[in-house]
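What follows is each chain in one-letter form.
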Amino acid sequence: MPRLPTTPDPTRPSLERRSFLQTAGRGVTLLVLGGVYTIADEGFIATAKAEKRPDGRQRIPPGQQVISAIKPMGGEPGDPSKSSYRLRVHGEVGNELDLDMRALLGLKQVSQDLDVHCVTGWTLLGARWTGVKLKTLADAAKVKDTARHVVFEAAHGYTSNVPIKEALVDSVMIAHKLDDVSLAQEHGSPVRAVVPDLYFWKSAKWLTGIKFVSKDEPGYWETRGYHNHADPWAEERYS
């Protein structure tokens, strides 16, 4: 069995984070998480901790530490070539899709600043992801009413599962850029899923397929003891 990603990717600081990091002489703190040194602004973090989401939950889930960047956390990369990339959208659909990179880029593109939360305890605030909303692909594929879950399929057999109601919200994306730059190979190039409201192992890197299913199909880590749902606010780390 190949080594597969245990955690989400490191990222470049977003424009907002870059701005406050430039004030390094004015109240910044050096944080250490898992042996990776990152700089985070105390005032920025304090503000984020006090903020609430539209659903009333705190912006930063319990047990999480805010970071600005993190090193790659493993996994065996897929083919990073955009010229040979294919994305299959299949399963409980009326119009199966087989998209190359040009076709994917031809769909409506969006950029969203999203917080992401790793099961190992780090949170990255306001990373800018660019790509296609999963909802856009679902509409194009004419997903059937019988679909209840989405399975993200990735290189080397990695999969992750998400309930369809949570997968088709506006924030869930199929992304090809991070902070306005094409994804690096270790971050999932050329395309990855982004599911910001669940622990980041659900956001499969090196994405090759999106399967809509009528019955749940727990993924790689879910069948190895990780929580099937993975809500960071409920600290659903393990089953």
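Residues numbered from 1 in each chain as written. Predicted model: local features only at pLDDT ≥ 70, side-chain atom pairs only at ≥ 80, totals over all residues. Heavy atoms only, no water.

What about the overall build of the chain?
Quick reminder of the rule: A helix here means a DSSP run of H or I that spans at least four residues, while a strand means a run of E at least two residues long, and both kinds are numbered starting from the N terminus. The rule is simple: take the accessible area with a 1.4 Å probe, protein chains only, and divide by the maximum for that residue type; under 20% is buried, over 50% is exposed, in between is partly exposed. Whether two residues are in contact is decided by their heavy atoms: any pair within 4.5 Å suffices. Only the protein chains shown count as cover for residues, and all accessible areas are computed by the Shrake-Rupley method using a 1.4 Å probe.
For the chain, the count of helices and strands is five helices and 13 strands. Relative to its full complement of 239 residues, the chain shows a buried share of 51%. Sequence-distant contacts, at least 24 apart, represent 68% of the contacts inside the chain between residues at least 6 apart. Of the roughly 10,800 Å² of accessible surface on the chain, a fraction of 51% belongs to carbon and sulfur atoms.

Thoughts on the pairing of strand E10 (residues 173-178)
What counts here: When DSSP finds at least two bridges between two strands, those strands are taken to pair.
For E10, the tally of buried residues reaches five of six residues, placing the bulk of the element in the interior. By the bridge criterion, five bridges tie strand E7 (residues 122-133) to E10 in an arrangement that is antiparallel. Bridge assignment links Trp 129 to a residue of E10, and that residue is Leu 178. Judged from the three bridges that link them, E10 and strand E12 (residues 192-194) form a sheet pairing that is antiparallel. Residue Ala 175 lies in a different strand from E12, and its bridge partner there is Arg 192. Note that E10 and strand E11 (residues 181-182) share two bridges and pair antiparallel. Across the sheet, residue Leu 178 finds its bridge partner in E11, namely Val 181.

Focus: the nonpolar core
In plain terms, the rule: We call a set of buried Ala, Val, Leu, Ile, Met, Phe, Trp, Tyr and Cys residues a nonpolar core when their side-chain atoms join them within 4.5 Å.
With 53 residues, the main nonpolar core has Trp 129, Phe 152, Ile 174, Ile 210 and Phe 212 as its most contacted residues. Among the elements that line this core, the one with the most residues is E7, at five residues. Residues Phe 44, Ala 48, Ile 60 and Leu 125 belong to the second largest nonpolar core, which totals six residues.

With respect to the pattern of salt bridges
Filter applied, for reference: Basic side-chain nitrogens of Lys or Arg form a salt bridge, by our definition, when they fall within 4 Å of a carboxyl oxygen of Asp or Glu.
In the structure shown here, the tally under the stated rule is 14 salt bridges. A salt bridge links Asp 55 to Arg 57; the nearest nitrogen and oxygen atoms lie 3.0 Å apart. Classification of Asp 55 as partly exposed rests on a relative accessible area of 42%. The partly exposed category is assigned to Arg 57, whose relative accessible area is 26%.

Observations concerning the environment of His 156
Test applied: Each polar contact in these results corresponds to two N or O atoms within 3.5 Å; when the atoms are within protein, one needs to be able to donate a hydrogen and the other to accept it, and residues that are neighboring in sequence are counted only if both atoms are side-chain atoms.
Inspection of the secondary structure assignment puts His 156 in the loop between strand E8 (149-154) and strand E9 (159-163). Polar side-chain contacts of His 156 include one of 2.9 Å to the backbone oxygen of Pro 77.

Considering helix H2 (residues 42-50)
Short version of the rule: Note that the arc is defined by the directions from the helix axis to the C-beta atoms.
Buried within H2 we find Phe 44, Ile 45 and Ala 48. The buried residues of H2 occupy one face: seen down the axis, they fall within an arc of 95°. For H2, the exposed residues lying more than 90 degrees away from the buried face are Lys 49 and Ala 50.

Concerning the environment of Thr 159
When you line up the elements, Thr 159 lands in strand E9. Separated by 62 residues in the primary sequence, Thr 159 and Trp 221 place their C-alpha atoms 8.3 Å from one another. Apart from the residues within four sequence positions on either side, Thr 159 is in contact with Val 151, Phe 152, Glu 153, Gly 219, Tyr 220 and Glu 222.

Notes on the layout of surface pockets
Unfilled space is identified by rolling a water-sized probe across the atoms. Definition in use: Any residue with an atom within 4 Å of a point lines the site, the site being either a cavity, points on a 1 Å grid over the protein atoms alone where a 1.4 Å probe fits but cannot get out, or a pocket, an open set with protein on both sides within 12 Å along at least 5 of 7 lines. Grid points are joined across faces, edges and corners, and a volume is the space filled by probe spheres set on the points. Gly falls in the polar group here, along with every residue not listed as nonpolar (Ala, Val, Leu, Ile, Met, Phe, Trp, Tyr, Cys, Pro) or charged (Asp, Glu, Lys, Arg).
Considered as a void within the structure, the largest pocket measures approximately 220 Å³ in volume. Lining the largest pocket we find Arg 53, Pro 54, Asp 55, Arg 59, Asp 113, Leu 114, Asp 115, His 117, Pro 196, Asp 197 and Trp 233. Across the lining of the largest pocket, the residue classes break down as four nonpolar, one polar and six charged.

A look at the environment of Val 162
Within the element layout of this structure, Val 162 appears in strand E9. Between the alpha carbons of Val 162 and Gly 219 there is a distance of 9.4 Å; along the sequence they are 57 residues apart. Other than its neighbours up to four places away in sequence, Val 162 contacts His 149, Val 150, Phe 152, Ala 167, Leu 198 and Lys 202.

Topic: the sheet that holds strand E5 (residues 97-100)
Convention followed: Here an axis means a line fitted to C-alpha atoms, over the contact stretch when the element is a helix, while the angle between two N-to-C directions is reported on a 0 to 180 degree scale.
Spatial ordering of the open sheet is given by E5-E4-E13-E8-E9, a layout of five strands whose pairing is mixed. What marks the edges here is a single partner per strand, and that holds for E5 and E9. Each strand of the sheet is rotated relative to its neighbour by a mean of 15°, with strand direction disregarded. Pairing analysis gives five bridges linking E8 to E9, with the strands arranged antiparallel. Considered in E9, the bridge of His 149 is made with Pro 163.

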